[in-house]
Amino acid sequence: FPSYFFLLTYSLSQTHFTIPQNVWRISIQNELASGKWKGHDGRDGWKDFTYQLSGIDYTITQGWKRNTTTQTFLIEYGFTDKSTFIMNIPKLQKFDQTHTWSITSDSTITQMDNLLTSYFPKTKSNSGLGDVTFGMNILFLGNPAWRGGKNKYSLYGGIDVTPPFGERLKKYYPKDVDANGMPNQFKQLPIGNGLTRWRGRVFGELYRKVWGRLINVNRSASLSSFSREIINPPLSFLWIMETGADSISRAIGDAVLFEQGGEVYGSVQGQMELWLQRLFFSVGMDWMFSARDQYYSSSDTWNNWMAARKNYDTQINRAAQVVKFNFLDVDPYKKIGPIPFELELGVQWYVPFLTYHTYGYTSSWIRISSYFQAW
């Protein structure tokens, strides 16, 4: 079972998609998130997997839960009034996973429970740098809401790349074990999967003044593709009637090529100015679909098993709702302090039954952004 399905997302759209020329916006976001693995039916866990060992049939149901504490740094710079450079740097301060299972059989379950315990520690944790994103936002048509003008709309394009900075799964070595003889690969909770992501985006806003208040409708769509890379395969005995890690490793082979399925993303968000030039309230929803992954190893059986099996698939569907409040202190005539800033409070939660084959996260965050001008 691949352990790198960490799909926590970050809401990067603020009240402005681009910023004026020669202006820097530096943002720090602290986020707490918790979520359980959602199976093929949108419910918790991977259910009713059947496995036969020594002529005995077992039915196994597994569940995973992850808790994260993340600090993200977002650095933006306005090359022109219509183009902004972005760099997003996430750091996982805490990344914990709990793995549970239940086994049913007409015989004793001790042997199967011991095997699961050997291959899948019930708790794992990690911390460190995540995958860093570099990109550009460019205004194609219209005017951004912060600038105003005759055209009450804007249309942007963007492209970004996310190289694999996050710690990936280490290689399995028979002699690389802990004091209890468990291979260290089994205990590792990787942060990334070692692939580079390329993403193209189209987004924009429609805005009007209603009763003297600014109303925005923001929409966004993107397509992502990933590099094909050699990865270290995760080992599990559940795909074959063989429980020895060395034999499983030889069957798969050392060189495993991984191709992650492409992603389609879309979102819509409504924003209303509650307090003139001060407080904005936003509600929105986003959706992501990922095509099936592909594996190329020495075993076609393993390749197919990793991509899809009973009650499990690497085709991912995720839907989430978000609520945000943004407090602005950027008007030079109304500033509270010497430095202009923006404060954001947000909550995001998954949509039941529209989220499956991934983690259904609920998260909350606080972000503060400051603006500086420098040439």
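Details of the structure are given in the entry above.
Treat the numbers as computed from the prediction; the structure is a model and nothing was measured.

Topic: the overall build of the chain
Phase 1 of the analysis: Secondary structure assignment for the chain yields four helices and 19 strands.
Phase 2 of the analysis: C-alpha extents for the chain along the principal axes are approximately 75 × 40 × 35 Å.
Phase 3 of the analysis: Relative to its full complement of 375 residues, the chain shows a buried share of 51%.
Phase 4 of the analysis: Here the contacts in the chain between residues at least 6 apart in sequence split such that 73% fall between residues at least 24 apart.
Phase 5 of the analysis: Surface summary for the chain: the accessible area is close to 17,200 Å², and the carbon and sulfur share equals 59%.

Brief notes about the pairing of strand β3 (residues 56–80)
Phase 1 of the analysis: The pairing of strand β1 (residues 23–38) with β3 spans 13 bridges and is antiparallel. Note that in β3 the partner of Trp24 across the bridge is Tyr77.
Phase 2 of the analysis: Where strand β2 (residues 46–53) meets β3, six bridges bridge the pair, whose relative direction is antiparallel. Across the sheet, Leu53 pairs through a bridge with Ile56, a residue of β3.

Some thoughts on helix α1 (residues 110–119)
Residue pairs three or four apart in sequence face the same way in an α-helix, which turns once every 3.6 residues.
Phase 1 of the analysis: Those residues of α1 that fall on the buried side of the exposure criterion are Met112, Leu115, Leu116 and Tyr119. Buried residues of α1, seen end-on, are gathered within an arc of 95° and therefore sit on one face of the element.

Focus on the environment of Tyr361
Phase 1 of the analysis: Looking at the element boundaries, Tyr361 is found in strand β19 (residues 358–373).
Phase 2 of the analysis: Each C-alpha atom, one on Tyr361 and one on Trp349, is 6.0 Å from the other, the two residues being 12 residues apart in sequence.

Some remarks on the pattern of salt bridges
Phase 1 of the analysis: Taken as a whole and assessed by the stated rule, the structure comprises 13 salt bridges.
Phase 2 of the analysis: Where Asp329 meets Arg278, a salt bridge forms, and the shortest distance between an N and an O atom there is 2.7 Å. Here Asp329 is found in strand β17 (residues 316–329), whereas its partner Arg278 is found in the loop between β12 (263–275) and β13 (279–290), with 51 residues between them in sequence.
Phase 3 of the analysis: On the accessibility criterion, Asp329 (0% relative accessible area) is buried.
Phase 4 of the analysis: Here the salt bridges share partners, and the residues they tie into one network are Lys36, Lys38 and Asp44.

A few points about a nonpolar patch on the surface
Phase 1 of the analysis: Residues Ile138, Phe140, Leu141, Tyr153, Leu206, Val217, Val268, Met285 and Leu354 make up a contiguous nonpolar surface patch of about 770 Å² in total accessible area.
Phase 2 of the analysis: Counting residues per element, the nonpolar patch draws most heavily on strand β6 (residues 133–142), at three residues.
Phase 3 of the analysis: Tracing the sequence through the fold places Leu206 in strand β8 (residues 197–210).
Phase 4 of the analysis: What makes Leu206 partly exposed here is its relative accessible area of 44%.

Cut-offs used in this document
- Residues numbered from 1 in each chain as written.
- Predicted model: local features only at pLDDT ≥ 70, side-chain atom pairs only at ≥ 80, totals over all residues.
- Heavy atoms only, no water.
- Helix = DSSP H or I, 4+ residues; strand = E, 2+ residues; numbered from the N terminus.
- Buried < 20%, exposed > 50% of the residue type's maximum accessible area, 1.4 Å probe, protein only.
- Contact = heavy atoms within 4.5 Å.
- Areas by Shrake-Rupley, 256 points an atom, 1.4 Å probe, with all protein chains shown as cover.
- Pairing = 2+ DSSP bridges.
- Arc of directions from axis to C-beta.
- Salt bridge = Lys/Arg side-chain N within 4 Å of Asp/Glu carboxyl O.
- Patch = residues over 30% accessible without salt bridge, like charges linked within 9 Å, V, L, I, M, F, W, Y side chains within 5 Å.

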